[in-house]
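# Summary of structural features
So you can see what is in the structure, the chains are spelled out below.
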Amino acid sequence: MDASNVPAGEGRPLAVPPPPRTRPAGPAPGALVGPDPLVGLDPLAGPDPLAGPDPLAVPGASAAPHLGRLLELLAAGAPAEALGAVTGQARAAGVDGADLAETERAVATALRVRSSLRAHRRRELELTALFDTAGDLAASRDLDEVLKAIVRRARMLLGTDTAYLTLPDEEAGDTYMRVTDGSVSPVFQNLRLELGEGLGGLVAQTARPYATPDYPTDDRFHHTRNINAGVSEEGLVAILGVPLLLGSVHGGDRKVIGVLFAADRDPRSFSPDEVALLSSLAAHAAIAIDTARALDDTRAALAELAEANEVVRAHAAAVQRAEEAHDRLTDLVLRGGDVREVAAAVAGLLDGAITVHDPGGRPLAAVRHDGGPFAADSVDVGWLVSAAEESRTAGRATARSGRWICAVLAGPELLAIMVLHRRRALEDADRRMFERAGVVTGLLMLLRRTVAETENRVRGELVTDLLTDAGRNPALLAERGRRLGLDLDRPYLVLVAATEPAARDRLSSAVVRYLFGAPAGSAGAEHAGAVVLLMAADERLTPGQSARAAAVQLGHLAGAAVTVAAAGPVFGPSRIADAHAEAVRCLRALHVLGRHGDGASAGELGFLGVVLGDDKDVDGFVRGTLGPLLEYDARRGTELVRTLAAYFGAGGSLTRAKDTLHVHVNTVVQRLDRIEVLLGADWNHPDRALELQLALRLRELSG
């Protein structure tokens, strides 16, 4: 490196004449350490040239022995003093004239050769250090270890007390000590420099090396309190700093990424060779840092690539699941699958139980992910309706309390509520699959509703015939019912529903939707200004409970108060008309009592239905109350009705009853047992007994 390129004052070379050193003189950098191998061992050693002429000197002696000795000294690596002494020894031995001049020229040449050999040895050591550093760069991926080795070699090769490396802090906007070697001061090791501060700041700012033999007194640099404190505590005097550069040597875009320093605690100057050596080490450090950054960028890119690959893989899996779901759901639509089949397919695809509920919260289907049954009754109805409204407002599936809810819509109308029972979060693809399943469910429900409306019109004709002409041909009506899916030999409830005139059309539509979610074998029809529903009896519910549940559901679907009365259960086509008449009386009684929007059964109102009913259907009440006894007497020729009247007339006394009937008391007991079988165990309870006595009295009065 040309020393003229190194700034030192006004463009002068870096080397500054050194002041006297205060520490003991040591070997110069690169000097061979140890005793002079020629001292005490050279048989050609002559007299000391300072001791005067040799009395044994022969004038005109030959210079050859001295030239040979000069070569031996040079080969042995003798110090310069020993080489220079050869001229004196030749003069003392009597060599003169041209031979002495030749000897002097040979000594001067030997000194130049010695200097060149020493330079070559020093360069060899430097190159070895650079090769070792390059090997470290190739072998080690640990940036800290490489930088420590570079700083350690810089200190060793330049023979300084300490060496250190600073790097910029991009976030803080200053530089910090990354590596130190030979430092003893914690303050110095934690020193931070702003751009342009101190020697290092100037190196970083100008991208050129700077050196000073005495930093504390050198006014070329911007001294700050914290830098001076750190340098003072470390005891540094002479400092050399070179930049770590990245970029093309010939280009103008070279960037300083750090500064490498060598420093002594005593004044000294740094030669251009030392500057060049430290610059070479700085270049290796820059390569190490750049390589580490490139590796970090590569690792980050690989990590991003792996993440992107994982996203692509997940997306591909989601697409595959979506394709599978599309195929399965399309197949269900094409072959007319039901809601449970859709729920089972989605439960398997999303690995969670699926329940489907009608708008009122009543379960329509419930299935586990493995296809087994699932307990849908555990879902609170109020919570479910609120969650469905949230989903409808959002226009997509929503999560609540560890479940996912999707409102199944047909325009603004809520057809059903689909619930995924899974606490894990849904990926976007799975969420769309769940919502698509809701669309398919709505499509299937609309198809089924269309079919149900058609079937219900046909069934409605049957219901009308059952109410108006059941006695003409019961067997034919029963056969028609079986063809339409109604087994009239099973127990049926007859429900009569009514609402305000302005909402009658909405009630008719609500009944269709209500029957759509009802158990199989149900039917409905408009009759005499009201809606009549023929529902398969549910053993878990009383007729009154069924009426109240229907009132709530129909009111919700119709958007108006709906009053429902129930009668039954009854068996056979011929009994349906009587049950209808009983339900109509019950409905009129509910209106009289002001129980609009409520539900009840004829059995719950009892004789109040007769008292409060508009048309006072006495025969219907008598048949509804005493029907089993009347039929039994008609078939068997017995007198159960007369026995019951005598028993009540005798105030419940068996003795007086048997006198009235003119039979044995045991006969009365047997007849009462049969009455209990036909009417039920509660026939003698006060409320039921009152209805029976009223029916007996009305029958007697009606003749």
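Just so it is clear, the model here is predicted, and its values are computed rather than measured. (Residues numbered from 1 in each chain as written. Predicted model: local features only at pLDDT ≥ 70, side-chain atom pairs only at ≥ 80, totals over all residues. Heavy atoms only, no water.)

## A closer look at the overall build of the protein
To be explicit about the condition: The numbering of helices and of strands both runs from the N terminus, where a helix is a DSSP run of H or I of at least 4 residues and a strand a run of E of at least 2. Whether two residues touch is decided by their heavy atoms; if any such pair falls within 4.5 Å, the residues are in contact. To be clear on the numbers: accessible area is Shrake-Rupley with a 1.4 Å probe, and residue cover counts the displayed protein chains and nothing else.
The number of helices and strands found in the protein is 22 helices and 16 strands. Restricting the contact set of the protein to residue pairs at least 6 apart, pairs at least 24 apart contribute 61%. Carbon and sulfur atoms form 54% of the exposed surface of the protein, whose accessible area is close to 35600 Å².

## Observations concerning the packing of helix α8 (residues 272–334) against helix α9 (residues 339–350)
Formally: Only the stretch in contact is used when a helix axis is fitted, and all axes are lines through C-alpha atoms; the angle between N-to-C directions ranges over 0 to 180 degrees. Angular relationships are summarised with four words: roughly parallel below 35 degrees, roughly antiparallel beyond 145, roughly perpendicular across 65 to 115, and oblique for the angles in between. Charged residues are taken to be Asp, Glu, Lys and Arg, nonpolar residues to be Ala, Val, Leu, Ile, Met, Phe, Trp, Tyr, Cys and Pro, and polar residues to be all remaining types, Gly included.
At a closest axis distance of 10 Å, the pairing of α8 and α9 adopts a crossing angle of 170°. Here α9 runs roughly antiparallel to α8, going by the angle between their axes. Contacts between α8 and α9 involve R321, E324, A325, R328, L329 and L332 from the first element and E341, V342, A345, V346 and L349 from the second. Here the residues of the contact of α8 with α9 sort into seven nonpolar, no polar and four charged.

## Some details on the confidence of the model for the protein
Let me state the cut-off plainly: Per-residue confidence from the predictor is given as pLDDT, running between 0 and 100.
Taken over all residues, the pLDDT of the protein has a mean of 77, while the share at 70 or more is 81%. For the protein, per-element mean pLDDT is lowest for helix α17 (residues 608–612), which scores 54, and highest for strand β4 (residues 210–212), which scores 94. Below a pLDDT of 50 lies the segment residues 1–51, which in the model reaches 69 contacts outside its immediate sequence neighbourhood of four places, other chains included.

## As for the sheet that holds strand β8 (residues 363–367)
The condition that has to hold: Two strands pair under a simple rule: DSSP has to find at least two bridges between them.
With respect to topology, five strands assemble into an open sheet ordered β8-β7-β11-β10-β9, the strand pairing being antiparallel. Across the chains shown, the open sheet's two edge strands, defined by having one partner strand only, are β8 and β9 (398–400). Here the average twist between neighbouring strands, direction ignored, is 20°. Across four bridges, the pairing between strand β7 (residues 353–357) and β8 is antiparallel. For I354, the partnering residue across the bridge sits in β8 and is V367. Lying over the sheet, α9 contacts β7, β8 and β11 (413–421), oriented at roughly 35° with respect to β8.

## Structural notes on the side chain of T625
For T625, the location among the structural elements is in helix α18 (residues 618–636). For T625, the contacting residues outside a window of four places in its chain are L679, E691, L692 and A695.

## Regarding the nonpolar core
Condition: Residues belong to one nonpolar core when they are buried, are Ala, Val, Leu, Ile, Met, Phe, Trp, Tyr or Cys, and are joined through side-chain atoms within 4.5 Å. Relative accessibility thresholds used throughout: buried, under 20% of the residue-type maximum; exposed, over 50%; partly exposed, between the two (1.4 Å probe, protein chains only).
Core analysis: the largest hydrophobic core is formed by 32 residues, its most contacted members being L158, L240, L244, L260 and L278. Contributions of two or more residues to this core are made by α4 (143–158), β1 (162–169), β5 (238–246), β6 (255–264) and α8. Considering every element that reaches this core, the biggest residue donor is α8, with 10 residues. When residues no more than four places from it in sequence are discounted, the contact partners of L244 are L165, K255, V256, I257, G258, V259, L260, A282, A285, A286 and I289.

## Thoughts on unusual backbone geometry
Each neighbour pair has its own omega, and for G568 with P569 the value is 5°, a cis peptide bond. With respect to the helices and strands, P569 occurs in strand β15 (residues 562–570). The backbone of A207 sits at a positive phi, close to 60°, despite the residue not being glycine. Along the chain, the position of A207 falls in the loop between α6 (198–206) and β4. Although it is not a glycine, H662 adopts a positive phi angle of roughly 60°.

## Details of the pattern of salt bridges
Side-chain pairing between opposite charges can occur once the charged atoms of the two side chains come close. The condition that has to hold: Salt bridges are identified by distance alone: a Lys or Arg side-chain nitrogen within 4 Å of an Asp or Glu carboxyl oxygen.
By the definition in use, this model includes 20 salt bridges. Note that R688 and D682 form a salt bridge whose closest N and O atoms lie 3.0 Å from each other. Take D682: its relative accessible area is 33%, and that puts it in the partly exposed class.

## Let's talk about the pairing of β7
Buried residues dominate β7, accounting for five of its five residues. Of the two faces of β7, the one carrying A353, T355 and H357 and the one carrying I354 and V356 are both buried. Summarising the sheet, β7 and β11 pair through five bridges and their orientation is antiparallel. Within β11, the position partnered with I354 by the bridge is L420. Hairpin geometry of β7 and β8 is characterised by an intervening segment of five residues between the two adjacent antiparallel strands and by a positive phi of about 95° at G361.

## Topic: the packing of aromatic side chains
The criterion, for reference: For this analysis, a ring pair means two rings from Phe, Tyr or Trp (six-membered ring only for Trp) whose centres lie within 6.5 Å, classed as stacked if their planes differ by under 30 degrees, edge-to-face if by over 60, and tilted for the remaining angles. Think of it as a cone above the ring: NZ of Lys or CZ of Arg counts as a charge over the ring if it is within 6 Å of the ring centre and within 35 degrees of the ring normal.
Tallied over the full model, the rule gives seven aromatic pairs. A centroid spacing of 5.9 Å and a plane angle of 55° characterise the contact between Y647 and F648, whose relative ring orientation is tilted. On the basis of relative accessibility, which here comes to 10%, the residue Y647 falls in the buried class. With relative accessibility at 15%, the residue F648 sits in the buried group. Taking 5.8 Å as the distance between ring centres and 55° as the angle between the ring planes, the aromatic pair formed by Y647 and W683 counts as tilted. Taken together, the residues Y647 in helix α19 (residues 640–649) and W683 in the loop between α21 (665–679) and α22 (686–701) connect sequence positions 36 residues apart. Judged by its relative accessible area of 6%, W683 is buried. What links up through ring pairs into an aromatic cluster is the set Y164, F188 and F261. The positively charged end of R403 is found above the aromatic ring belonging to W383, 5.2 Å away from the centroid.

## A word on the environment of A561
Note that A561 resides in the loop between α14 (543–558) and β15. Along the chain, A561 and G597 lie 36 residues apart, while their C-alpha atoms are 4.5 Å from each other.

## Things to note about the sheet that holds β5
An order of β3-β2-β1-β6-β5-β4 is seen for the six strands of this open sheet, with the pairing classed as antiparallel. The sheet terminates laterally at β3 (192–193) and β4, the two strands that pair on one side only. In this structure, β1 lies alongside strand β2 (residues 174–181), joined through seven bridges in antiparallel fashion. The partner of A163 across the bridge, within β2, is D181.

## Details of empty space enclosed by the protein
Cut-off, in case you're wondering: Here a cavity means grid points, on a 1 Å grid over the protein atoms only, where a 1.4 Å probe fits yet cannot get out; a pocket means an open set of points with protein on both sides within 12 Å along at least five of seven lines; lining residues are those with an atom within 4 Å of a point. Grid points are joined across faces, edges and corners, and a volume is the space filled by probe spheres set on the points.
Using the criterion set out here, one finds three cavities of 30 Å³ or more in the structure. Considering only enclosed or pocket space, the second largest cavity measures out at about 100 Å³ in volume. Forming the boundary of the second largest cavity are 14 residues, of which Y164, L193, G200, I227 and F261 lie nearest the centre. When contributions to the lining of the second largest cavity are tallied by element, the ones reaching two or more residues are β1, α6 and α7 (225–234). Sorting elements by how many residues they give to the lining of the second largest cavity places α6 first, with three residues. Of the residues in the lining of the second largest cavity, the class split is 11 nonpolar, three polar and no charged.

## Observations regarding the pairing of β6
Among the 10 residues in β6, eight count as buried, and that is most of the element. With five bridges joining them, β1 and β6 adopt antiparallel strand pairing. From the neighbouring strand, Y164 faces β6, where its bridge partner is F261. Relative to β6, β5 runs antiparallel, the two sharing nine bridges. Looking at the pairing, L244 lines up with G258 of β6.

## So, α14
Applicable threshold: To estimate the expected span of a helix, subtract one from its residue number and multiply by 1.5 Å.
Spanning 16 residues, α14 covers 22 Å between terminal C-alpha atoms, matching the ideal 22 Å at 1.5 Å per step. Among all positions of α14, only G544, S546, A547, A550, A551, Q553, L554, G555, L557 and A558 are buried. One or two steps after α14, the chain reaches G559, where phi turns positive at roughly 70°.

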